[in-house]
Amino acid sequence: MNKINVGVLALQGDFKEHIKMLKDLNVPVIEIRSPKQLEEIDGLIIPGGESTTINKLMNKYGFKERLKDFRRSGKPIFGTCAGLIILASEVSGKGSGLGFIDMKVKRNAYGRQIDSFEEMVSINFDHKPDRNGFKSVFIRAPKIVYTGKNVKVLSSLNDEILLAREKNILVCAFHPELTDDTRIHKYFIEMINKNLEEK
Ligand code: GLN
């Protein structure tokens, strides 16, 4: 097993929960607050929160260009909820994405009345169905309304795509970091390890 460092973008949102989960998995974590720190990490998590705020702060600190290089280098990036919106190629309504994954998303698309809810979903990690359900926590979650042909769907519920991957980009509409189920984080760590092995 390679020694890896995982970064969690710590500008706004629930980055602390991701950090805790990675620490529970004994993975060294770095809180990323400046673009320079991207050089120290092998993979990055963009947490849930408010995508417009995270976007504004990313612009202010000059993250965007550096993140483009990071992605081009093959290093994996995992976005949950607001992080998913930030990685998407198209955001309907107010908001914009980096265009790292070919999908269109609609923010806050599950409606005001059900701002947050939980569902058990099943996950297909690279065509290996995991029989145990995953408790998915949705908080003002976005809907993925379109995906390009290279996007692999790892989980969906009632035709809504919830977890998807395109090459080194992984996105999730719900919040695995708010449960104690580490399977999705472990899958992301595997993506990081595989990328390093291929170098
Ligand atoms: N509604 C938020 C947004 O549009 C995302 C919510 C979340 O990350 N839990 O940015």
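For the structure itself, consult the block above.
This text gives an overview of the structure that appears in the document. Computed from a prediction, not measured in an experiment: that's the story for all the values here.

**Some points on the nonpolar core**
Across soluble globular proteins, nonpolar side chains have a tendency to be buried as a group.
Okay, so step 1: Counting 66 residues, the largest nonpolar core has Leu-67 and Met-103 as its most contacted members.
Okay, so step 2: Looking at which element gives the most residues to this core, the answer is helix H5 (residues 183-197), with 6 residues.

**Let's talk about the environment of Met-21**
Okay, so step 1: If you trace the backbone, Met-21 turns up in helix H1 (residues 15-24).
Okay, so step 2: Between the C-alpha atom of Met-21 and that of Gly-49, which follows or precedes it by 28 residues, the distance is 17 Å.
Okay, so step 3: When residues no more than four places from it in sequence are discounted, the contact partners of Met-21 are Pro-176, Glu-177, Thr-179, Asp-180, Asp-181, Thr-182 and His-185.

**Regarding the site of the ligand**
Okay, so step 1: All residues adjacent to the ligand are Gly-48, Gly-49, Glu-50, Ser-51, Cys-81, Ala-82, Ile-85, Arg-107, Asn-108, Ile-139, Arg-140 and His-175.
Okay, so step 2: For the ligand, whose free accessible area comes to 300 Å², the fraction covered by protein is 96%.
Okay, so step 3: A class-by-class count of the residues in the shell around the ligand yields 4 nonpolar, 5 polar and 3 charged.

**Here's the deal with H1**
Okay, so step 1: All buried positions along H1 are accounted for by Phe-15, His-18, Ile-19, Met-21 and Leu-22. An end-on view of H1 places all buried positions within 165 degrees of arc, on one side of the element. The outward face of H1, more than 90 degrees from its buried face, is lined by the exposed residues Lys-16, Lys-20, Lys-23 and Asp-24.
Okay, so step 2: Looking at the packing, one finds that the buried side of H1 touches strand S1 (6-9), strand S2 (29-32), strand S3 (43-46), strand S4 (77-80) and H5.
Okay, so step 3: Note on H1: the residue one or two positions beyond its end, Asn-26, has a positive phi of about 60 degrees.

**Quick look at the pattern of salt bridges**
Okay, so step 1: Evaluation of the coordinates by the stated rule reveals 11 salt bridges.
Okay, so step 2: Across the salt bridge formed by Glu-39 and Lys-36, the nearest N and O atoms sit 3.0 Å from each other.
Okay, so step 3: Across the pair Glu-39 and Arg-66 runs a salt bridge, and its minimum N-O distance is 3.6 Å. Of this pair, Glu-39 sits in the loop between S2 and S3 while Arg-66 sits in helix H3 (residues 63-72); the two residues are 27 residues apart in sequence, bridging distant segments of the chain.
Okay, so step 4: Residue classification places Glu-39 among the exposed residues on the basis of a relative accessible area of 53%.
Okay, so step 5: Residues joined in a network through salt bridges with shared partners are Lys-36, Glu-39 and Arg-66.

**Overview of the state of the cysteines**
Okay, so step 1: Tallying each qualifying case throughout the model produces 0 disulfides.
Okay, so step 2: In this model Cys-172 remains outside any disulfide bridge; the closest cysteine sulfur is found in Cys-81, 8.5 Å from its own.

**Topic: the packing of helix H2 (residues 51-61) against H3**
Okay, so step 1: Here H2 crosses H3 at 90 degrees, and the two axes come no closer than 6 Å. When the axis of H2 is compared with that of H3, the two are roughly perpendicular. Contacts between H2 and H3 involve Asn-55, Met-58, Asn-59 and Tyr-61 from the first element and Phe-63, Lys-64 and Leu-67 from the second.
Okay, so step 2: Residues of the contact of H2 with H3, tallied by class, amount to 4 nonpolar, 2 polar and 1 charged.

Procedures and definitions
Residue positions within a chain follow its written sequence, with the count starting from 1. Only residues with pLDDT of 70 or above have their local features reported here, since the model is predicted, and side-chain atom pairs are shown and tallied only from 80 upward, although totals for entire chains, interfaces and linings are computed over all residues. Note: side-chain values were computed over all heavy atoms of the structure, leaving out hydrogens and water. We call a set of buried Ala, Val, Leu, Ile, Met, Phe, Trp, Tyr and Cys residues a nonpolar core when their side-chain atoms join them within 4.5 Å. For every residue, the accessible area (1.4 Å probe, protein chains only) is compared with the maximum for its type, and the residue is labelled buried under 20%, exposed over 50%, or partly exposed between those bounds. Runs of H or I in DSSP of at least four residues are treated as helices and runs of E of at least two as strands, each being numbered from the N terminus. Two residues qualify as a contact provided that any one of their heavy atoms is within 4.5 Å of a heavy atom in the partner residue. Consider each residue's heavy atoms; a residue with any of them within 4 Å of a molecule or strand counts as near. What sets the accessible areas is the Shrake-Rupley method with a 1.4 Å probe; for residues, cover comes only from the shown protein chains. Under the scheme applied here, ten amino acids are nonpolar (Ala, Val, Leu, Ile, Met, Phe, Trp, Tyr, Cys and Pro), four are charged (Asp, Glu, Lys and Arg), and all others, including Gly, are polar. It is the directions from the helix axis to the C-beta atoms whose arc is reported. Whenever a carboxyl oxygen of Asp or Glu lies within 4 Å of a side-chain nitrogen of Lys or Arg, that contact is scored as a salt bridge. Note that a disulfide, as used here, is simply two cysteine sulfur atoms within 2.5 Å. Every axis corresponds to a line fitted to the C-alpha atoms, with the helix fit spanning only the stretch in contact, and the corresponding angles, defined between N-to-C directions, vary from 0 to 180 degrees. Roughly parallel covers angles under 35 degrees, roughly antiparallel covers those over 145, roughly perpendicular covers 65 to 115, and oblique covers all other angles.

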